[in-house]
Amino acid sequence: MDERDEVRRSLETLTVALSVRSIPRVVGSLHETTLTIQQLKTLAAVVVNESATVSGLSDLFGVSLATMSKLVERLVEQGLLDRVQDGGDQRVRRLRPTDRARAAVREILGARPELGKDVLDALSLEELRALETGMRAINRELQKRGS
């Protein structure tokens, strides 16, 4: 095994360890939300696909149109989703996440609890710079892949 393979294997092991150690912090965010898991999944899908429809979401999650309509209606009432007319077909209503929805999804699903201020403050400047370099490289590769 060459050095690159050893480092990659070490990174894979560290990634699993970080994920496991971060679970209590992630669970804390989930406990603080008033959203159900289905609502959170639906919001995340709309945030990722900014032109979702109720029909498309019901297909995606394998639930009836009536069930998804009720779920979406609750999210609209909470100010998390807006319904807008499709520019090409006036009969179609597209779902758009509100800023509040984006913030909620980012806080719950996008948070990196292992990179919290308390953890980063404990790292040396050299460690912080190395971490920044690595994260920039990962971000670059994800951007190339359209992730």
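Residues numbered from 1 in each chain as written. Predicted model: local features only at pLDDT ≥ 70, side-chain atom pairs only at ≥ 80, totals over all residues. Heavy atoms only, no water.

Focus: the confidence of the model for the chain
For the chain, the average pLDDT comes to 86, and 95% of its residues sit at 70 or higher. The element-level mean pLDDT for the chain is lowest in helix α1 (residues 3-32), coming to 80, with helix α4 (residues 65-77) highest at 95. (pLDDT = per-residue confidence, 0-100. Helix = DSSP H or I, 4+ residues; strand = E, 2+ residues; numbered from the N terminus.)

Here's the deal with helix α7 (residues 125-144)
Every α-helix carries 3.6 residues per turn, so stepping three or four residues along brings you back to the same face. The terminal C-alpha atoms of α7 lie 29 Å apart, and with 20 residues this matches the ideal 28 Å at 1.5 Å per residue to within 8%. Looking one or two residues beyond α7, the residue adopting positive phi is Gly146, at roughly 75 degrees. (Expected span 1.5 Å × (residues − 1).)

Structural notes on the packing of helix α2 (residues 37-48) against helix α3 (residues 54-61)
In contact at an axis separation of 11 Å, α2 and α3 are set at 120 degrees when each is read in the N-to-C sense. Overall, the two elements α2 and α3 adopt an arrangement that is oblique. As α2 runs across α3, the sense of the crossing is right-handed. Where α2 abuts α3, its residues Lys41, Thr42, Ala45 and Val46 lie against Leu57, Leu60 and Phe61. Grouping the amino acids of the contact of α2 with α3 by side-chain chemistry returns five nonpolar, one polar and one charged. (Axes fitted to C-alpha atoms, helices over the stretch in contact; angles between N-to-C directions. Parallel < 35°, antiparallel > 145°, perpendicular 65-115°, else oblique. Left-handed = near helix turned anticlockwise from the far one by under 90°. Contact = heavy atoms within 4.5 Å. Nonpolar A, V, L, I, M, F, W, Y, C, P; charged D, E, K, R; others polar.)

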